[in-house]
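Architecture at a glance
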Amino acid sequence: MSDTVLETLISKAFLSSPSMDVVFVWHGGEPLLAGIDFFRKIVTFQKKYQGQHRVFNSIQTNGLLINVTWCEFFKVNDFLVGVSLDGPERLNDEYRKRKDGFASFKTILKGIKLLTNYKVNFNTLTTVNKTNSHFPDKVFDALIDAGSTNIQFIPIVQPGMNQINHNLPAVNPKKNERTEQFLWAVDADAYGNFLIRIFNRWVHHYVGKLFVSNFESLLANYLGYISIICTESSRCGTGIVVECNGDVFSCDHYVIPVNKLGNILDYSFHDMVNSQEHQRFSNKKAEMLTGDCLSCEYLKLCFGGCPKDRFVSLNGSENLQNYLCLGLKRFYSYAIPYIRFMANELENHRSPANIMLAIKNGFITSKIDAYLT
C-alpha cells in the first residue's frame with residue numbers, strides 16, 4: 001500500500017466515523033511482511049488526523065515473524081495482536097506449513113511467548129478444519145497452554161462450492177484446487193460436536209476466565225444485542241475492506257469487481273457505506289433466507305450464517321441453506337439451557353459466571369452424550 005493510499009484511508013476513516021472510537025484491523029495475507037516501518041507510518045498518520053478520536057489497532061498474524069522489535073512496537077502503540085493457532089503441534093502443523101515446507105508450531109509458540117513477556121495484548125484465532133475438528137479437547141488444551149484468554153473458532157468451509165444466488169459470487173478456486181481444498185473443509189456435524197465439547201468445558205470451568213467469542217456472541221444474540229461476530233449478525237457489511245490500491249469492498253469474502261464500492265482516493269467512507277450498492281449487499285443476507293431458516297427457532301442466533309457458506313439446495317428452494325446448519329442446530333440445542341441461565345443472571349444484574357456454581361450444585365444439567373455422534 002502506497003503512502004498516499006495509507007494516509008488517505010486513515011484520514012478519511014476519522015472524518016467518516018460516526019463514533020469517537022475508530023478501529024483499524026490490519027490483515028493480509030501476512031501483514032507483518034509489510035515491515036515495521038509501514039506500521040510506524042500508520043501510527044504517525046493516525047496521530048496526525050485523530051483529533052479527539054480514540055484509536056484502536058489490531059493485527060492478525062501467523063506469528064512466524066514476531067520478534068523483540070515487533071513486541072516493543074506493539075506494546076508502546078497498544079496493538080492487539082491476533083495469532084493463528086490451530087491446536088497442538090501435530091494438529092496445527094497438518095495444514096500450517098512454512099513456505100520452505102517446515103512446520104510452524106514451535107515458531108508460533110516462540111512468538112506468543114515473546115508477546116506474553118512484553119505484556120502485549122493478544123488473542124488466538126483457530127480455524128476448525130477436517131482434521132482438528134475431531135480433537136476439540138486437544139485444541140482447547142493447546143490454546144490454554146499457550147496462554148490465550150481470548151479465543152475465536154472459525155470453521156473452514158469449502159470455497160468454490162459457493163453457488164451464491166444473490167449476485168454476490170465468491171471467488172472460485174481453480175478447478176485443480178478443488179479436490180485439495182476439500183481435504184481441509186470441516187464436516188458440519190463435526191463442527192457442531194466440536195463446539196459442544198468445548199462449550200461444555202467452558203460453562204463448567206471457564207466462564208469469566210476465558211473469552212470465547214463464539215459463545216459470547218451466542219449469549220449476546222440470545223439477549224437481543226448486536227453480535228460481536230459478523231457471520232452471526234442480521235446484516236452483512238459491517239467490516240469495510242480497503243485493498244492495497246485503495247479499492248473498497250463491503251466484505252473480505254467478496255473482493256471481486258462486481259462488489260467494488262469505489263476507491264478511497266475518490267470517495268469518502270461515508271458515501272460508500274451509504275451507497276445503494278453497499279446497502280443492497282447488507283440487506284441480501286436477510287432477503288435470501290430459506291423457508292427453513294425463516295421458521296427455525298434458532299434464526300435470531302445465527303441469522304442464516306455467512307452468505308458465503310450458503311450453497312446447500314434444500315427442498316427445491318430457490319434460496320440456499322448454510323452448509324453448517326445441522327451442526328449449528330445441534331450446538332444450539334445443547335447450549336441454550338446454559339445460555340438461558342446466563343442471560344437471566346445478566347438481566348438480574350448478576351454474573352453469568354454463576355453458571356459454574358449452578359452446574360456444580362446440580363441446578364442445571366444436560367447430558368453431552370446425547371448430542372455427540
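Structural notes, computed from the coordinates.

Analysis parameters
- Residues numbered from 1 in each chain as written.
- Predicted model: local features only at pLDDT ≥ 70, side-chain atom pairs only at ≥ 80, totals over all residues.
- Heavy atoms only, no water.
- Core = buried A, V, L, I, M, F, W, Y, C linked by side-chain atoms within 4.5 Å.
- Buried < 20%, exposed > 50% of the residue type's maximum accessible area, 1.4 Å probe, protein only.
- Helix = DSSP H or I, 4+ residues; strand = E, 2+ residues; numbered from the N terminus.
- Contact = heavy atoms within 4.5 Å.
- Patch = residues over 30% accessible without salt bridge, like charges linked within 9 Å, V, L, I, M, F, W, Y side chains within 5 Å.
- Areas by Shrake-Rupley, 256 points an atom, 1.4 Å probe, with all protein chains shown as cover.
- Salt bridge = Lys/Arg side-chain N within 4 Å of Asp/Glu carboxyl O.
- Phe/Tyr/Trp six-rings, centres within 6.5 Å; stacked < 30°, edge-to-face > 60°.
- Lys NZ or Arg CZ within 6 Å of the ring centre and 35° of its normal.
- Pairing = 2+ DSSP bridges.
- Disulfide = S-S within 2.5 Å.
- Arc of directions from axis to C-beta.
- Polar contact = N/O pair within 3.5 Å; in protein donor to acceptor, adjacent residues only side chain to side chain.

Attention shifts here to the nonpolar core. By size, the foremost hydrophobic cluster in this structure holds 83 residues, and its most contacted members are Phe74 and Phe199. The element that contributes the greatest number of residues to this core is helix H14 (residues 325-347), accounting for 10 residues. Each residue touching Phe74, except ones within four places of it in the same chain, is listed here: Leu32, Ile59, Phe79, Val81, Leu115 and Val120.

On to a nonpolar patch on the surface. A cluster of nonpolar side chains, contributed by Val23, Val25 and Phe56, occupies part of the molecular surface with about 280 Å² of accessible area. For Phe56, the position within the fold is in strand E2 (residues 54-61). Residue Phe56 is classed as partly exposed on the basis of its relative accessible area of 36%.

One pass over the full model with this rule turns up 26 aromatic pairs. Taking the centre distance of 6.4 Å and the plane angle of 75° together, the rings of Phe39 and Phe79 count as edge-to-face. With Phe39 in helix H2 (residues 36-49) and Phe79 in strand E3 (residues 79-84), this pair connects stretches of sequence that are 40 residues apart. Classification of Phe39 by relative accessible area gives buried; the value is 1%. Among the residues examined, Phe79 registers a relative accessible area of 1% and is labelled buried. Ring geometry for Trp70 and Phe74: centres 5.5 Å apart, planes at 25°, overall stacked. Note that Trp70 and Phe74 are positioned in helix H3 (residues 68-76) at a spacing of 4 residues, about one turn of the helix. Put simply, the rings of Phe14, Phe24, Trp26, Phe38, Phe39, Trp70, Phe73, Phe74 and Phe79 touch in pairs and so form one group of aromatic residues. Its guanidinium or amino end placed over the ring of Phe135, Arg90 lies 5.2 Å from that ring's centre, counting from NZ or CZ.

What follows concerns the sheet that holds strand E7 (residues 241-242). Taking strand neighbours across the sheet as the criterion, the 3 strands line up as E7-E8-E9 in an open arrangement whose pairing is antiparallel. Edge positions in the sheet fall to E7 and strand E9 (260-263), since each of these pairs with one other strand and no more. By the bridge criterion, 2 bridges tie E7 to strand E8 (residues 247-249) in an arrangement that is antiparallel. Paired with Val241 across the bridge in E8 is Phe249.

Moving on, we get to the state of the cysteines. Inspection of the entire model under this criterion finds 0 disulfides. Considering cysteine sulfurs only, Cys251 is the nearest to Cys230, which forms no disulfide, with 6.2 Å between them. When its relative accessible area of 48% is taken as the criterion, Cys230 is described as partly exposed.

Quick look at the pattern of salt bridges now. Under the definition given, this model contains 14 salt bridges. We note a salt bridge from Glu7 to Lys48, for which the minimum N-O separation is 2.9 Å. Of this pair, Glu7 sits in helix H1 (residues 3-16) while Lys48 sits in helix H2, and the two are 41 residues apart along the sequence. Between Arg330 and Asp189 there is a salt bridge; the shortest N-O distance is 3.9 Å. Taken together, the residues span a long stretch of sequence, with Arg330 in helix H14 and Asp189 in helix H8 (residues 188-205) at a distance of 141 residues. Given the relative accessible area of 32%, Asp189 is considered partly exposed. When salt bridges with common partners are traced through the structure, they connect Asp137, Asp141, Arg197 and Arg201 into a single cluster.

All right, on to H3 then. Every buried residue belonging to H3 is among Trp70, Cys71, Phe73 and Phe74, and all of these are buried. Around the axis of H3, the buried residues are gathered within 160° of arc, so they sit on the same side. Where H3 is buried, its residues touch H2, E2, E3 and helix H5 (105-117). Residue Asn67 occupies the N-cap position of H3, its side-chain oxygen lying 3.2 Å from the main-chain nitrogen of Thr69.

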